[in-house]
Amino acid sequence: MVGGLAADGRVIRIDLGSDTKTRPTQAMRQAMAMAEVGDEQVGEDPTTRVLEERVAALLGKEAALFTPSGTMCNQIALAVLCRAGEEVIADKTAHIGNFESGGVSVVARAPIRELDGRRGIFTADQVKAALRHPVRHAPLQRVVSIEQTSNLGGGSIWTLPEIAAVAEVARGAGLLLHMDGARLLNAVVESGVSAQAYAAQMDSVWIDLSKGLGCPVGAVMAGSRDFIEDCWRWKQRLGGALRQSGILAAAGIYALDNHVDRMKDDHANARAFAGVLAQVPGIAIDPANVQTNVIVFDVANTGWRAPDLSEKLLEKGIRVGAMGPTQMRAVTHLDVDRASTTEAAEALAALASKRPA
Ligand SMILES: *Cc1c(COP(=O)(O)O)cnc(C)c1O
C-alpha cells in the first residue's frame, strides 16, 4: 500500500509529517529476518555488536552502544556526563528541551540553559556570555549540547568552524560536549564533511536509525570506552537493555550500507518543496536556508492558522505538520519521491494562496 494511516484511520498518501514515517523496505525486512541473534544485554548478540563497531568507526570513537531511541541516547548521555543540578547549555529550540517530556530534568536532573541561536545554531560568543561565575549559589555548568542538524532550525548544518569555536570556549571553561546527531548523516552527505570530523570534539555523540536512515527502531551512541561502559548502567536502569536486538541492528547495518548516500535526494526534494512555497505570497520561507531534509516555514501572512492548513491538507491525504499557531514543518524522506513532494507543495501552495473559508 502507498502511504499509511493516521491515528484516526484516515489514509495518508504523502507523509511529510516527519522522516520517522518511513516504513522498512522489503530488502531491509529481509536483512532483519536473516539476522544472527543472541542476548544483547550480556554482549551475546553478534549483529548488534557489528552495528556498534560500525558506528564507533564511523564516528571515530572507541566504542558504541545500541539503544531503542535517540531520546534514550540523549537521556543516557546527559545522565552520565552531568551530576544532579549541573547545567546543560543548549539552543532554545533543542530537542532535549522541547520534545523529551522534560526528561533531562528527571533523568539527569540537570537544568538546561537555553541560548538564542539562529536557526538552532548558537555562537561561541553566546556560550561565553552564558558562562557563570563560580559562586556557590549559581549552578555548576557541565555540558554544551549541539544538535546536528538542527531540527526546529529547519535542518540547518553546523559547520566545522562553528563547532570548533564553540568547543574552544567550552573546553576553556572545563565543559564537556554532547552532539545530538539524530540527523548527523544528513549533514555528512550534504556537506561532504565526514561524520568523524563533525564528532571529533564530542565526548558523546549518537545517530538515529529511525529518521532518514529508514529503520523501524533504534539509535547508536558513541564515545570513549569508559563513557560507553557508564552508559550501559543507565541503559539497564531505564529498561533499554535488550535481548535479540540483532533483528533491529540488522536494519541499521542495512541502512548504513544502502540508505546514506540517497539522503541527497531527500535534500534536493526539500529544496524543490521550498522553491514552490517561496512563490506563495504570505508564506515566509527562504529556500537558501533549506540545507537538508527539514523545511520550516511560517504561514501567518496568508491569513491561515497552521493547524487549519494542516487539516485541509490531510483531507487530501497529505500530511505537513503544524509546529505552532503559524509555523509548519515538512520533512522529506525515502518514502516520498520527487513527484509526491511536488504534489504536496502544489496542494499546499494552492490552499495557502486563497483565504481560509
Ligand atoms: C527525533 C529526534 C530525537 C529523538 O530521537 P527518537 O529516536 O525519536 O527518540 C532527538 N533529537 C532530534 C534532533 C530529533 O530530531
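This is a predicted model, so every value here is computed, not measured. (Residues numbered from 1 in each chain as written. Predicted model: local features only at pLDDT ≥ 70, side-chain atom pairs only at ≥ 80, totals over all residues. Heavy atoms only, no water.)

## With respect to the domain arrangement of the protein chain
Piece 1. Once the domains are mapped, the protein chain shows domain 1 (4–23 + 262–352) and domain 2 (35–258).
Piece 2. Centre-to-centre, using C-alpha coordinates, domain 1 lies 27 Å away from domain 2.
Piece 3. At the junction of the two partners, domain 1 supplies 17 residues and domain 2 supplies 20 residues.
Piece 4. Both faces considered, domain 1 and domain 2 share a buried interface measuring about 1,700 Å² in area, 49% of it formed by carbon and sulfur atoms. (Domains from an automatic or database assignment. Contact = heavy atoms within 4.5 Å. Buried area = accessible area lost by both parts, 1.4 Å probe.)

## Thoughts on the sheet that holds strand S11 (residues 294–298)
Piece 1. Read across the sheet, three strands follow the order S11-S14-S13 without closing on themselves; strand pairing throughout is antiparallel. If you trace the sheet from one side to the other, it starts and ends with S11 and strand S13 (321–322), each paired once.
Piece 2. In the sheet, S13 pairs with strand S14 (residues 327–331) via two bridges, with the strands oriented antiparallel. Bridge pairing in S14 places Ala-322 opposite Met-328.
Piece 3. Relative to S11, helix H12 (residues 263–278) is tilted by about 15°, and along the sheet it contacts S11 and S14. (Pairing = 2+ DSSP bridges. Helix = DSSP H or I, 4+ residues; strand = E, 2+ residues; numbered from the N terminus. Axes fitted to C-alpha atoms, helices over the stretch in contact; angles between N-to-C directions.)

## Remarks on helix H2 (residues 46–59)
Piece 1. Its 14 residues give H2 an end-to-end C-alpha distance of 20 Å, which sits within 8% of 20 Å, the value for a rise of 1.5 Å per residue.
Piece 2. Taken residue by residue, H2 has Thr-47, Thr-48, Leu-51, Glu-52, Val-55, Ala-56 and Leu-59 as its buried positions.
Piece 3. Of the residues flanking the start of H2, the one acting as N-cap is Asp-45, its side-chain oxygen 3.3 Å from the backbone nitrogen of Thr-47.
Piece 4. A positive backbone phi angle near 70° is found at Gly-60, which sits one or two residues after H2. (Expected span 1.5 Å × (residues − 1). Buried < 20%, exposed > 50% of the residue type's maximum accessible area, 1.4 Å probe, protein only. Polar contact = N/O pair within 3.5 Å; in protein donor to acceptor, adjacent residues only side chain to side chain.)

## Some details on the packing of helix H1 (residues 26–33) against helix H11 (residues 246–258)
Piece 1. At their nearest, the axes of H1 and H11 sit 8 Å apart, and the two run at 135° to each other. Considered as vectors, H1 and H11 are oriented oblique to each other. Crossing handedness for the pair H1 and H11: right-handed. Counting all contacts with H1, which are made through Ala-27, Met-28, Ala-31 and Met-32, the residues of H11 involved are Ile-247, Leu-248, Ala-250, Ala-251, Tyr-254 and Ala-255.
Piece 2. When grouped by side-chain class, the residues that make up the contact of H1 with H11 number 10 nonpolar, no polar and no charged. (Parallel < 35°, antiparallel > 145°, perpendicular 65-115°, else oblique. Left-handed = near helix turned anticlockwise from the far one by under 90°. Nonpolar A, V, L, I, M, F, W, Y, C, P; charged D, E, K, R; others polar.)

## Remarks on the sheet that holds strand S8 (residues 176–181)
The strands making up a sheet associate through hydrogen bonds between their backbones, and the pairing can be parallel or antiparallel.
Piece 1. The seven strands are arranged S4-S10-S9-S8-S7-S5-S6 in an open sheet whose pairing can be described as mixed. The outermost strands of the open sheet, each flanked by one partner alone, are strand S4 (63–67) and strand S6 (112–115). For this sheet the average axis-to-axis angle between neighbouring strands, irrespective of direction, equals 20°.

## So, the nonpolar core
Piece 1. With 52 residues, the main nonpolar core has Leu-51, Leu-59, Val-144, Leu-184 and Leu-185 as its most contacted residues.
Piece 2. Setting aside residues up to four positions removed in sequence, Leu-59 forms contacts with Leu-184, Ala-195, Gln-196, Ala-199, Val-205, Ile-207 and Ala-222.
Piece 3. By size, the runner-up hydrophobic cluster in this structure holds 29 residues, among which are Ile-14, Val-280, Leu-313 and Ala-347. (Core = buried A, V, L, I, M, F, W, Y, C linked by side-chain atoms within 4.5 Å.)

## Looking at the pairing of strand S5 (residues 87–91)
Across a regular strand the side chains alternate sides, sitting on one face of the sheet and then on the other.
Piece 1. Buried residues dominate S5, accounting for five of its five residues.
Piece 2. Where burial is concerned, the two faces of S5 agree: the one with Glu-87, Ile-89 and Asp-91 and the one with Val-88 and Ala-90 are both buried.
Piece 3. Across three bridges, the pairing between S5 and strand S7 (residues 141–147) is parallel. By the bridge assignment for S7, Glu-87 is matched with Gln-141.
Piece 4. Bridge count between S5 and S6: four bridges; the pairing is parallel. Counted as the bridge partner of Ile-89 is Arg-113 from S6.

## A closer look at the packing of helix H8 (residues 184–191) against H12
Piece 1. Across the interface, H8 lies against H12 with an axial gap of 9 Å and an inter-helix angle of 85°. Regarding the angle of H8 to H12, the classification is roughly perpendicular. When H8 is examined against H12, the residues Leu-185, Asn-186, Val-189 and Glu-190 are found in contact with a partner set consisting of Met-263, Lys-264, His-267 and Arg-271.
Piece 2. The class makeup of the residues in the contact of H8 with H12 is three nonpolar, two polar and three charged.

## Looking at the site of the ligand
Piece 1. Surrounding the ligand, one finds 15 residues, the nearest of these being Gly-70, Thr-71, Asp-180, Asp-208 and Lys-211.
Piece 2. Take Gly-70: an N or O atom from its main chain is 2.8 Å from an oxygen atom of the ligand.
Piece 3. The separation between an oxygen atom of the ligand and a polar side-chain atom of Lys-211 is 2.8 Å.
Piece 4. Broken down by secondary-structure element, the contributors of at least two residues to the shell around the ligand are helix H3 (70–81) and strand S9 (204–208).
Piece 5. Element by element, the count of residues in the shell around the ligand is highest for H3, at three residues.
Piece 6. Considering only residue class, the shell around the ligand consists of two nonpolar, seven polar and six charged. (Near = heavy atom within 4 Å.)

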